[in-house]
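Chain by chain, the residues:
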Amino acid sequence: MLKEYLFNQKSNFTCWHSNIPGVQICNFVLCQAERNASVSIPVCGEKLHFEVLFCLKGRLVIETFSHDSCAVEAPGAFLLSDSTRLCNCLCSGDLRGIFVSVDAVSAKESLRAICASLGIELNTKAVRDRMAANGYITMSGTPWIRAFFEIMKLLPDDARERYCVFKSVELLYLLCYNTATDELKCENRVISREMVKIRNYMQEHLSEKITIQLLCRKFLVSSTFLKENFRRTYGMPVHTWLVQQRIKRAEELLCTTQMPIQEIAQAVGYESISQFHTVFKEYYEMTPGQYRKMSETAVLRPFWQ
């Protein structure tokens, strides 16, 4: 998935190497005009491939068909073995990292040689079995991740890519035996489901007053847990996400109905028409009334799309 996307990025900031048969390494920096905007990555991939992203900057957000979602942000790692379970993948415009793609068939001898030199045995089937639930694992804040990024700071640029290949093999090896990764995966899944519930609740109650305190009481979570994990999952604070959804819904009502603007403001949670005008103008650079007139002859897009 990431391999196909990065391969099509014709940029001086995307550098590929393939000195090891079956293994490709990409040192990349995405330079999108809107760094805080979400960049869509097509969900695709090949069987018997492993992808490892060591995230040095920015954020990657993924969502499965079962409505689980998760994010990896710097410093963190993302390991993918099966993209068929994913329905959506987004990244921030400033995403930067070192990406390692392993073709399990073509790299078989290479992996065997590396493992032999380390005195270990790698069972790729066991890795796939451990990742069978969602086809991916994200890692952040673990002792392994902290140690990895601390060492990365000490390495010269020309040694970082080789180090990432070595650590990718080590990560695959750990997945064969280390139950800590299973605990991390289970924890991430529980958090993701909780964030999806909170997101869906806000989406269904845009006309109501929604606060952090209300959400915490309703879903029995702390404000710190909600703020940190919502941002990690969806790439933005709760309030920012809520405002975007309200303005997006208002735009739909302006274009598809003849509702008075006062009623539209109330339908998306604004009691004050002046506040609604102010927020709407921040996103579309015109008032709701002007937008409605313009929509009759043109289709406009908000800046976050």
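Each remark here, short or long, concerns the structure printed above.
Reading guide: rules and limits
Residues numbered from 1 in each chain as written. Predicted model: local features only at pLDDT ≥ 70, side-chain atom pairs only at ≥ 80, totals over all residues. Heavy atoms only, no water. Core = buried A, V, L, I, M, F, W, Y, C linked by side-chain atoms within 4.5 Å. Buried < 20%, exposed > 50% of the residue type's maximum accessible area, 1.4 Å probe, protein only. Helix = DSSP H or I, 4+ residues; strand = E, 2+ residues; numbered from the N terminus. Contact = heavy atoms within 4.5 Å. Pairing = 2+ DSSP bridges. Axes fitted to C-alpha atoms, helices over the stretch in contact; angles between N-to-C directions. Expected span 1.5 Å × (residues − 1). Arc of directions from axis to C-beta.

In this structure, Phe54, Val100, Trp144, Phe148 and Cys164 are the most contacted members of the largest nonpolar core, which totals 33 residues. Per element, the largest residue contribution to this core is eight residues, and it comes from helix α5 (residues 157–177). Those residues in contact with Phe54 that lie beyond four places of it in its chain are Gly76, Ala77, Arg96, Gly97, Ile98, Val100, Trp144, Phe148, Cys164, Lys167 and Ser168. Counting residues in each nonpolar core, the second largest holds 23 residues, with Val39, Cys55, Leu80 and Leu95 among its members.

With that settled, consider the sheet that holds strand β5 (residues 59–64). Judged by pairing direction, the sheet is antiparallel, and its four strands sit side by side in the order β3-β8-β5-β6 without closing on themselves. Every other strand in the sheet has two partners, leaving β3 (38–40) and β6 (69–73) as the edge strands with one partner each. The average angle at which neighbouring strand axes cross in this sheet is 25 degrees, direction not considered. Relative to strand β8 (residues 86–92), β3 is paired through three bridges, and the arrangement is antiparallel.

Note that Arg146 resides in helix α4 (residues 143–154). Here Arg146 falls in the partly exposed class, since its relative accessible area comes to 47%. Placed 70 residues apart in sequence, Arg146 and Gly76 show a C-alpha to C-alpha distance of 8.6 Å.

Next up on the list: helix α11 (residues 273–284). With twelve residues, α11 extends 16 Å from end C-alpha to end C-alpha; this agrees with the ideal 16 Å at 1.5 Å per step. Of the residues making up α11, those classed as buried are Phe276, Val279, Phe280, Tyr283 and Tyr284. One face of α11 carries all of its buried residues, which in axial projection span an arc of 120 degrees. On the buried face of α11, the contacting elements are α9 (238–256), α10 (261–267) and α12 (288–295). Where α11 ends, the next residue or the one after it, Glu285, has phi of about 60 degrees, a positive value.

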